[in-house]
Amino acid sequence: MARIVMKFGGTSMAGTERIRRVANIVRRHQEAGHEVAVVVSAMAGETDRLVTFCREANPLYDPAEYDVVVASGEQVTSGLLALTLQAMGCKARSWLGWQLPIHTDDAHAKARIEDIEADTLAASMAAGEVAVIPGFQGLSRHGRITTLGRGGSDTSAVAVAAAVKADRCDIYTDVDGVYTTDPRIVAKARKLKKVTYEEMLELASVGSKVLQTRSVSLAMKENVRVQVLSSFIDDDAPLGDDLPGTMIVSEEELSGELEGLEMERQMITGIAADKNEAKITLTRIADRPGAVAAIFGPLAAANINVDMIIQNVAKDKGETDVTFTVPGADLVRTQALLEGAQQTIGYYRMIADSKVAKISVVGVGMRSHAGVASTMFKGLAERGINIQAISTSEIKVSVLIDEDETELAVRVLHTAYGLDAEDKAA
Ligand code: ADP
Ligand code: ASP
Ligand code: MG
């Protein structure tokens, strides 16, 4: 018998029939003697629909009221799943974010979980009742409802798993695991049996939305065993213990297993694309100490995350161009801030481009292999894809390219690094 937290995403919860399928998976786990808590997302498309209503009501919406609206999608699905389980003869009840409660900070629309009062929840699980918890929502210190940022139900699930000391957190979604890249973009993407927390963290942070970034860092910190599985399975499919998916593991666990095998760890584990960044170039900035600080200071103060940065070599007049990226959603705010600071910064022109994509290759194997970046640059060059900016970390190389070339670039690199599924069979 194990204590398991199961999370079902939006596509899995989209409509009565699918909820029944989810309920059946949950019921089978409970019948097998497991203690179960379920975290659910809103039905696919529902959160987008609610966000649109907020924008229509007030383009400069108050994030606290936005949270009141967008958290409602998960309230509906948690109630529906509890009802469906009850109809199947299971003991089940819903626990809304404010009822547990799931305490968060006050950063509405992107709140962080601070702690979960889980004693009552754990007691009800132990008594054989399935606990159904709406993902994505929490309660602020001021007693107001908060949400955790898009894709946040993954984080709710991991946090609940940590709070009830679950043996495992199974994330059920519409693909059967983590692949070398988005299997909806590259048909030859290969499923990974295991991926390290660190790699998954990088992959998520550079655009693989299969898990929300914060859910991975929380799992790493709290030592939660996370598994990604498909909810689109037959009624008699194996339970989570045996269903083939992807397990997120520590580097020690992975290298321990590989030891003694002839197979060397792939240089690259996965590739991700992110179309949600925007590029800004400020031209003719004085090449002197403090100039760059004058640009990024106001952005940091406004909580705008700057990602890639390039500063060109100064030209004759001691002037230089600075290019950087920000989240697409923050572009308008960034432009307004920089326009306001033009005198202080002393730039000549501001050029913005939101038609860019960041392509990233990730792998712990990079630490021991040379030539990762050059394979990337060569592969892209051969297809005439121009690189506009580059950034690297210990286990990641990212490039910025034209958004229209995203799919092509991902496919080309997937082949260049020998990740295509047919290579494995060869
Ligand atoms: P859910 O609603 O279940 O949370 P998401 O849409 O948030 O599901 O995440 C699942 C999707 O993530 C898949 O449908 C797939 O298109 C996408 N995805 C992106 N990168 C990857 C990857 N490397 N492996 C698997 N899926 C990926
Ligand atoms: N429903 C929320 C969203 O669409 C949270 C989630 O699904 O994880 O972002
Ligand atoms: Mg998701």
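Here the structure is a predicted model, which means the values were calculated and not measured.

Undergrad: Give me the environment of isoleucine 233: which residues, what numbers.
TA: Position of isoleucine 233 among the secondary structure elements: in the loop between strand S11 (226-230) and strand S12 (246-249). Classification of isoleucine 233 by relative accessible area gives buried; the value is 15%. Counting along the chain gives 202 residues from isoleucine 233 to glutamate 31, while the straight-line C-alpha distance between them is 18 Å. Those residues in contact with isoleucine 233, other than ones at most four positions away along the chain, are Arg21, Ile25 and Leu243.

Undergrad: I'd like a rundown of the site of ligand 2, residues and numbers included.
TA: Taken together, Ser41, Thr47, Glu74, Phe136, Arg150, Gly151, Gly152 and Ser153 make up all the residues around ligand 2. The side chain of serine 41 places a nitrogen or oxygen atom 3.0 Å from an oxygen atom of ligand 2. At a separation of 3.3 Å, an oxygen atom of ligand 2 approaches a polar backbone atom of glycine 152. Within the complex, the protein chains bury 86% of what would otherwise be the 260 Å² of accessible surface of ligand 2.

Undergrad: Please set out the nonpolar core residue by residue, giving values where relevant.
TA: Counting residues in each nonpolar core, the largest one holds 41 residues, and the members touching the most others are Val5, Leu121, Ile133, Val164, Cys169, Met200 and Val226. Elements that contribute at least two residues to this core include exactly strand S2 (35-40), helix H5 (119-126), strand S6 (130-134), helix H6 (153-163), strand S9 (168-173), helix H7 (197-205), helix H8 (213-222) and S11. It is H6 that contributes the most residues to this core, 5 residues altogether. Of all hydrophobic cores here, the second largest spans 25 residues; its members include Met6, Met13, Val40 and Leu85.

Undergrad: I'd like a description of the pairing of strand S16 (residues 319-327), backed by residues and values.
TA: A large share of S16 lies buried, amounting to 7 of its 9 residues. Direction of pairing for strand S14 (residues 277-286) relative to S16: antiparallel, over a ladder of 8 bridges. Each bridged residue has a counterpart across the sheet, and for isoleucine 280 the counterpart in S16 is phenylalanine 324.

Undergrad: Summarise the site of ligand 1; cite the residues concerned and give the values.
TA: Taken together, the neighbourhood of ligand 1 is formed by 16 residues, with Thr173, Asp174, Tyr179, Asp182 and Arg184 sitting nearest. The backbone of tyrosine 179 places a nitrogen or oxygen atom 2.9 Å from a nitrogen atom of ligand 1. Contact between ligand 1 and arginine 184: an oxygen atom at 2.8 Å from a side-chain N or O atom of the residue. Its residues placed into classes, the shell around ligand 1 shows 5 nonpolar, 6 polar and 5 charged.

Undergrad: Could you give an account of the side chain of serine 12, with specific residues and numbers?
TA: Note on placement: serine 12 falls in the loop between strand S1 (3-8) and helix H1 (16-31). By relative accessible area, serine 12 is classed as buried at 3%. For serine 12, the side chain forms a polar contact with the side chain of serine 231, separated by 2.8 Å. Other than its neighbours up to four places away in sequence, serine 12 contacts Arg18, Ile19, Val22, Tyr172, Thr173, Ser231 and Phe232.

Rules used throughout
Residues numbered from 1 in each chain as written. Chains lettered and ligands numbered in written order. Predicted model: local features only at pLDDT ≥ 70, side-chain atom pairs only at ≥ 80, totals over all residues. Heavy atoms only, no water. Helix = DSSP H or I, 4+ residues; strand = E, 2+ residues; numbered from the N terminus. Buried < 20%, exposed > 50% of the residue type's maximum accessible area, 1.4 Å probe, protein only. Contact = heavy atoms within 4.5 Å. Near = heavy atom within 4 Å. Polar contact = N/O pair within 3.5 Å; in protein donor to acceptor, adjacent residues only side chain to side chain. Areas by Shrake-Rupley, 256 points an atom, 1.4 Å probe, with all protein chains shown as cover. Core = buried A, V, L, I, M, F, W, Y, C linked by side-chain atoms within 4.5 Å. Pairing = 2+ DSSP bridges. Nonpolar A, V, L, I, M, F, W, Y, C, P; charged D, E, K, R; others polar.

Any link to function would need more than the numbers given here.
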